[in-house]
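Structural description and commentary
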Amino acid sequence: MNFDLFDRTILLTRAGSRAYGIHTPTSDLDVKGVAIPPAEWIIGLQTFEQADKQTHFEDPRIRALLSPEEVEVVKETKLEGTIYEMRKLVKLALDCNPNCLDVLFCRDEDVLHATEAGRLLRASRDLFISAAAKFRFSGYAISQLKRIQLHRRHLLQPPSHKPTRAEFDLPETTLIPQDQLAAAESMVTKQLDSWEMDLSKVPDESDRLNIMAQFRETMTTMIANAKEDEATTRYRAAARTVGIDDNLLAVMERERSYKGKKAEWDNYENWRKTRNPARAALEAKHGYDSKHAGHLYRLLKMCREILTTGKVNVWRGGIDAEEILAIRNGAWTYEQVLEFAETEDKALTEIYNTKKYVVPHRPNSEAVEALVVKLYREALS
């Protein structure tokens, strides 16, 4: 990058726990920002989407924006974050991406730096809000739940050893040439892809996501009484459709099973070797990753607030900060976390499906487009 990133930054804010009001004195400091690069990075061959290398945040002009307490914190840890090119942030925010809405809706007190363009962007933030928040916030929450479940398996049922091919009745060197296996896998993959629903003619992203969610729920119901999961059912059907005989299919499935267990082992080993010591202590004490549970709770609560009040409450002080901190510290059992996630997700789906939300179904993308054009023209004039 051959331009001064800070000089092109129109907005820089606190992010993470310090923006949510759930931090402790020793919590890391994260920042997020928005930049408009020079003209050659917009209309030329070079491109810029985001900067997240730590070196970008060692700029003394950024550190001069921090409080004395934060300066001491970053001495002990490190200052991290992301600065997005404005068009990328705008596109993500129009899709109600939680991380990008944080930049637009954080408290004024958490804005570290803002030019006139940055202030106008924040003043226009309500243009970005829509019912798509249901899918984005709950989607991020479910991803937290999946991490919780995976790490709990690592804790309570860790793989005992690295899997071998022999355990899956596979020779060390496959009897079927690798190129033949790869070709067969490619045929199955193409067939599976052809079965995917074509939603390209559904103009609204929220509607597409809702249709896909309902489709997956229907598929799950259809195979609920089967002895195999959805992925296996679809894989076998695709293989037989393209003419793969049962003998080759059996070998392909054993290869897939081996690769799956190998990936599980590699994931476990990476998790075990790279775990944050403080996070590991929490998991060992409570039997699950309670920090992820706090994020899950916050995301689902914010989602409900957006849909029913139209407000994006990034700062959780005076709302539920104490509850989030309690969950992070293990106040909830693992079973309580699962029950809350399931109950709240069903409630949010009901709000969406019955249109009991107060936000627009779609964001005001036309007004946002005009705003972006205005800001770029002014920045590049």
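The sections below set out a description of the structure shown in this document. (Residues numbered from 1 in each chain as written. Predicted model: local features only at pLDDT ≥ 70, side-chain atom pairs only at ≥ 80, totals over all residues. Heavy atoms only, no water.)

In terms of nonpolar packing, the biggest core is built from 62 residues, with Met86, Leu121 and Phe128 touching the most fellow members. Ranked by the residues each element gives to this core, the list is headed by helix α14 (residues 290–309), at nine residues. Residues in contact with Leu121, not counting those within four places in the same chain, are Ile10, Val34, Leu89, Val90, Leu104, Phe128, Leu371 and Leu375. Grouped together as the second largest cluster of nonpolar side chains are 17 residues, Phe3, Phe6, Ala35 and Ile62 included. (Core = buried A, V, L, I, M, F, W, Y, C linked by side-chain atoms within 4.5 Å. Buried < 20%, exposed > 50% of the residue type's maximum accessible area, 1.4 Å probe, protein only. Helix = DSSP H or I, 4+ residues; strand = E, 2+ residues; numbered from the N terminus. Contact = heavy atoms within 4.5 Å.)

Gaps left between atoms are located by rolling a probe of water-molecule size over the structure's atoms. Its volume calculated, the largest pocket comes out at about 1300 Å³. Contributing to the lining of the largest pocket are 39 residues, with Asp28, Asp30, Arg279, Lys291 and His295 lying nearest its centre. A breakdown of the residues in the lining of the largest pocket according to their chemical character gives nine nonpolar, 17 polar and 13 charged. (1 Å grid on protein atoms, 1.4 Å probe; cavity = no way out; pocket = protein on both sides within 12 Å on 5 of 7 lines; lining within 4 Å. Points joined across faces, edges and corners; volume = space filled by probe spheres on them. Nonpolar A, V, L, I, M, F, W, Y, C, P; charged D, E, K, R; others polar.)

Two elements in contact, helix α6 (residues 98–105) and helix α8 (residues 133–156), have axes whose closest approach is 10 Å; the angle formed by their N-to-C orientations is 115°. Two secondary-structure elements touch here, α6 through Pro98, Asn99 and Leu101 and α8 through Arg136, Phe137 and Tyr140. Of the residues in the contact of α6 with α8, the class split is four nonpolar, one polar and one charged. (Axes fitted to C-alpha atoms, helices over the stretch in contact; angles between N-to-C directions.)

What follows concerns the pattern of salt bridges. Inspection of the entire model under this criterion finds 29 salt bridges. Residues Lys301 and Asp320 are paired through a salt bridge, measuring 3.5 Å at the closest nitrogen-oxygen approach. On the criterion of sequence distance, the pair formed by Lys301 in helix α14 and Asp320 in the loop between α14 and α15 (321–328) is long-range, its members being 19 residues apart. The exposure class of Lys301 is partly exposed, given its relative accessible area of 21%. A single network of salt bridges, built from pairs that share partners, joins Arg14, Glu70, Arg107, Glu109 and Asp110. (Salt bridge = Lys/Arg side-chain N within 4 Å of Asp/Glu carboxyl O.)

What follows covers unusual backbone geometry. Negative phi is the rule for most residues except glycine; trans is the rule for most peptide bonds. Phi angles above zero are rare outside glycine, and Cys96 is one such case at about 60°. Topologically, Cys96 is positioned in the loop between α5 (86–94) and α6. On the basis of relative accessibility, which here comes to 0%, the residue Cys96 falls in the buried class. Although it is not a glycine, Lys355 sits at a positive phi angle of roughly 55°. Here Lys355 lies in the loop between α16 (334–353) and α17 (365–380). Lys355 sits in the exposed class, given a relative accessible area of 60%.

With that settled, the discussion passes to the sheet that holds strand β1 (residues 9–15). Read across the sheet, five strands follow the order β3-β4-β2-β1-β5 without closing on themselves; strand pairing throughout is mixed. What marks the edges here is a single partner per strand, and that holds for β3 (50–51) and β5 (111–114). Taken strand by strand, helix α7 (residues 116–123) contacts β1, β2 (29–35) and β5, and its axis lies near 60° from that of β1. (Pairing = 2+ DSSP bridges.)

What follows is about α7. Along an α-helix, a turn takes 3.6 residues, which lines up residues three or four apart on a common side. Those residues of α7 lying buried are Ala117, Gly118, Leu121 and Arg122. For α7, the angular spread of buried residues about the axis comes to 135°, placing them on one side. Residues of α7 that are exposed and point over 90 degrees away from its buried face: Glu116 and Ala123. Lining the buried residues of α7 we find β1, β2, α5, α6, β5 and α17. (Arc of directions from axis to C-beta.)

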